[in-house]
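# Remarks on the overall topology
Here are the chains, one letter per residue:
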Amino acid sequence: MKTIKFKLIAFLALIALVSISCNNDDDDNSSQPPQTIVSIAKSNPNLSSLVAALDKAGLTTTLNSSGSYTVFAPTNTAFSAFLSANGYANLEAVPVAALKEILLNHVLSTKVKSTEITTGYVKTLAKGGASTSNTISMYIEKGAGVDINGGKTNGGGTVTTADIEASNGVIHVVDGVIGLPTIVNHAIANKNFTTLVAALTYNPASGFAGILSGTASSPFTVFAPTNAAFTSFLTETGFSGLPAIPANVLETTLKYHVVAGANVQSSALTNGQVVSTFAGQNFTIGLTGGAKITDASSRTSNIVATDVQCSNGIIHVIDKVLLPKF
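What comes next concerns the included structure.

Definitions and cut-offs
- Residues numbered from 1 in each chain as written.
- Predicted model: local features only at pLDDT ≥ 70, side-chain atom pairs only at ≥ 80, totals over all residues.
- Heavy atoms only, no water.
- Buried < 20%, exposed > 50% of the residue type's maximum accessible area, 1.4 Å probe, protein only.
- Helix = DSSP H or I, 4+ residues; strand = E, 2+ residues; numbered from the N terminus.
- Pairing = 2+ DSSP bridges.
- Phe/Tyr/Trp six-rings, centres within 6.5 Å; stacked < 30°, edge-to-face > 60°.
- Lys NZ or Arg CZ within 6 Å of the ring centre and 35° of its normal.
- Arc of directions from axis to C-beta.
- Axes fitted to C-alpha atoms, helices over the stretch in contact; angles between N-to-C directions.

The next subject is the pairing of strand β4 (residues 137-142). The buried count for β4 comes to five of six residues, which makes it a mostly enclosed element. Examined bridge by bridge, strand β3 (residues 120-123) and β4 share four bridges and lie antiparallel to one another. Bridge pairing in β4 links Lys123 to Ser137. Linking β4 to strand β5 (residues 146-148), which pair antiparallel, is a turn of three residues.

Within this structure, the stated rule accounts for six aromatic pairs. Centre to centre, the rings of Phe82 and Tyr88 are 6.3 Å apart; their planes meet at 40 degrees, and the pair counts as tilted. Classification of Phe82 by relative accessible area gives buried; the value is 12%. Members of the aromatic cluster, each reached through a chain of ring pairs, are Phe208, Phe220 and Phe278. One cation-aromatic arrangement involves Lys255 over Phe278; the distance from NZ or CZ to the ring centre is 5.5 Å.

For helix α8 (residues 194-202), the full list of buried residues reads Leu196, Val197, Ala199 and Leu200. The buried residues of α8 occupy one face: seen down the axis, they fall within an arc of 160 degrees.

Taken together, the seven strands give an open sheet; going across it, the order is β2-β1-β7-β6-β5-β4-β3, and neighbouring strands pair in mixed fashion. Two strands bound the open sheet, and with one partner strand each, they are β2 (107-108) and β3. Pairing between β4 and β5: three bridges, direction antiparallel. In the strand pairing of β5, Lys142 is matched with Val146.

With that settled, the discussion passes to the sheet that holds strand β14 (residues 313-318). Taken together, seven strands build an open sheet; the order of strands is β9-β8-β14-β13-β12-β11-β10 and the sheet is mixed. A single partner strand is all that each edge strand has here, and the edge strands are β9 (258-260) and β10 (274-276). Averaged over all pairs of adjacent strands, the angle between their axes in this sheet comes to 30 degrees, without regard to strand direction. By the bridge criterion, six bridges tie strand β8 (residues 220-225) to β14 in an arrangement that is parallel. Considered in β14, the bridge of Pro225 is made with Ile318.

Structure (structure tokens):
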């Protein structure tokens, strides 16, 4: 009987010891702080170029600190392609100021997991040359995958690995370095502007697409008609398609949607404001009952989306093509 009691006591002691040991293990695990975005990047050999870039740009402390960031993290291969495409011998050859804004263009100030991503515009932390206050917009398209600013061929990228959790946010690995998008980049990225892009590039001799891709005469404010707006325009004017529109008519019409030398945010629009355009003709802003434009032909277009910030200007979306006088 004594032997049985002794064995029972020993068994209960062993259970208690195991329980204490497990509790200690739990305490050890809970005392280990989760890794920051920078710590995770440092532990991933495919992100070593990103780590070096963050160090060079002075952003390591930012992404090591508390917060709730979303970082689209380019791989080493993506950085190599970026350096080659822009004529840089290595990362050290990239000017610090430019590198900092490019990196900030990969960062959102809120944590967005892949399940929360929807097609549309978000704001990065980067600033381009067009505005000192309004940060650069990023266009995310969610389909079978997630494309950023139209993918690699348009200066953007595609998410290859999503939802790497960090203590201060989340990382989505991308296959391209996301450059600061121009007006043309943003137009190409959004499939609602395919007709506008076709119109901008239809007559290469005009050089208009090149103008809106560059900085001469910038910043630009562009009132961008959607595909549906162009369809209605063709019906209204009787043209069978872009090829049927005389080159001078198309060019003047496109320039009528552009203000040169100003990055006009929606907050700066006023009721009755007369706007001088790149075409040398004016239109009038109305704010009663919603923001709208009355063109030189007394037609009204609604402004349906605003403040898509680009590196060389800003885009506001309209639902009707503006028609100048001819």
